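A closer look at the structure
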Amino acid sequence: QVQLVESGGGLVQAGGSLRLSCAASGLAFSRYTMGWFRQAPGKERVFVAAIIWSGGSTAYADSVKGRFTISRDNAKNTVSLQMNSLKPEDTAVYYCAADHLGWGRFGESAYDYWGQGTQVTVSS
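Here's a quick rundown of the structure.

Rules and cut-offs
- In every chain, residue numbers begin from 1 and rise along the written sequence.
- Confidence filtering applies because this is a predicted model: local features only for residues at pLDDT of at least 70, side-chain atom pairs given and counted only at 80 or more, and all residues used for totals across whole chains, interfaces and linings.
- To obtain the side-chain values, all non-hydrogen atoms of the structure were included, while hydrogens and water were left out.
- Numbered from the N terminus, helices here are DSSP runs of H or I no shorter than four residues, and strands are runs of E no shorter than two.
- Under the rule applied, a polar contact is a pair of N or O atoms within 3.5 Å (in protein, one hydrogen donor and one hydrogen acceptor; residues adjacent in sequence only if both atoms are side-chain atoms).
- Throughout, a contact is declared for two residues whenever any of their heavy atoms are within 4.5 Å.
- What is meant by a nonpolar core is a set of buried Ala, Val, Leu, Ile, Met, Phe, Trp, Tyr and Cys residues, joined one to another through side-chain atoms within 4.5 Å.
- Buried residues are those whose accessible area, probed at 1.4 Å on protein chains only, stays under 20% of the maximum for their type, while exposed residues exceed 50% and partly exposed ones sit between those limits.
- In this analysis, strands are considered paired if DSSP registers two or more bridges between them.
- Criterion for a salt bridge: a side-chain nitrogen of Lys or Arg within 4 Å of a carboxyl oxygen of Asp or Glu.

**Let's talk about the side chain of threonine 33**
- Relative to the elements of secondary structure, threonine 33 occurs in strand 4 (residues 32-39).
- A distance of 2.4 Å separates the side chain of threonine 33 from the backbone oxygen of glycine 102, its partner in a polar contact.
- Each residue touching threonine 33, except ones within four places of it in the same chain, is listed here: Ala50, Ile51, Ile52, Trp53, Arg72, Ala97, Ala98, Asp99, Leu101, Gly102, Trp103 and Tyr111.

Have a look at this one:
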């Protein structure tokens, strides 16, 4: 059974930092592109960042470029999202997702497995 478990969310002031982690089990982690999505209250879930199965390529939404960094550790089956210079508009539930051998596909439908999400709240 595939499980993706996010952690690291919380409340932070604007300008602060958080590091989200996602622990994966039940899948061949090194064969999956991993992505982060977020859903703000009353809005659709949107793409934030992705990292290819090898770790050799990354992609970011324009809204987070230069502030967020995605990374992965295939030995530990984990993917992380370092979030710096946080803004109130970054407030959302953040989801980890896995896409089997995919790349360049950043819509929700490309991803095979999803975590339950972790809340990030940025106060002004």
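**A word on the nonpolar core**
- Ranked by size, the top nonpolar core spans 35 residues in total, and within it Met34, Trp36, Val79, Leu81, Met83 and Tyr94 carry the most contacts.
- Sequence-distant contacts of methionine 83, that is, excluding residues within four places in its chain, are made with Gly16, Ser17, Leu18, Leu20, Arg67, Phe68, Tyr94 and Val120.

**A look at the pairing of strand 1 (residues 3-7)**
- In strand 1, alternate side chains face the same way, and those of Leu4 and Glu6 are buried while those of Gln3, Val5 and Ser7 on the opposite face are not.
- Pairing of strand 1 with strand 3 (residues 18-25), which is carried by five bridges, proceeds in the antiparallel orientation. Opposite leucine 4, over in strand 3, you have alanine 24 as the bridge partner.

**Details of the pattern of salt bridges**
- Per the stated rule, a full pass over the model turns up five salt bridges.
- Salt-bridge contacts for aspartate 90 lead to arginine 38; the nearest nitrogen and oxygen are separated by 2.9 Å. Taken together, the positions of aspartate 90 in the loop between strand 8 (78-83) and strand 9 (92-100) and arginine 38 in strand 4 put the pair 52 residues apart, joining distant regions of the chain. Judged on exposure class, the residue aspartate 90 and its partner arginine 38 are both buried.
- The residue aspartate 90 makes a salt bridge to arginine 67 at a minimum N-O spacing of 2.7 Å. Within this pair, whereas aspartate 90 is found in the loop between strand 8 and strand 9, its partner arginine 67 is found in the loop between strand 6 (58-60) and strand 7 (68-73), the two being separated by 23 residues in sequence. Pair check on accessibility: aspartate 90 and arginine 67 agree, each one buried.
- When salt bridges with common partners are traced through the structure, they connect Arg38, Arg67 and Asp90 into a single cluster.

**Thoughts on unusual backbone geometry**
- Phi at asparagine 77 takes a positive value of approximately 55°, unusual for a residue other than glycine.
- Within the fold, asparagine 77 resides in the loop between strand 7 and strand 8.
- For serine 85, which is not a glycine, the phi torsion comes out positive at approximately 50°.
- Its place among the elements puts serine 85 in the loop between strand 8 and strand 9.

**As for the environment of tryptophan 53**
- If you trace the backbone, tryptophan 53 turns up in the loop between strand 5 (45-51) and strand 6.
- On the basis of relative accessible area, tryptophan 53 is assigned to the partly exposed category, the value being 27%.
- The sequence separation of tryptophan 53 and tryptophan 103 amounts to 50 residues, and the corresponding C-alpha distance is 8.8 Å.
- Tryptophan 53 has contacts with Ser30, Arg31, Tyr32, Thr33, Arg72, Asn74, Leu101, Gly102 and Trp103, leaving out every residue within four places of it along the chain.

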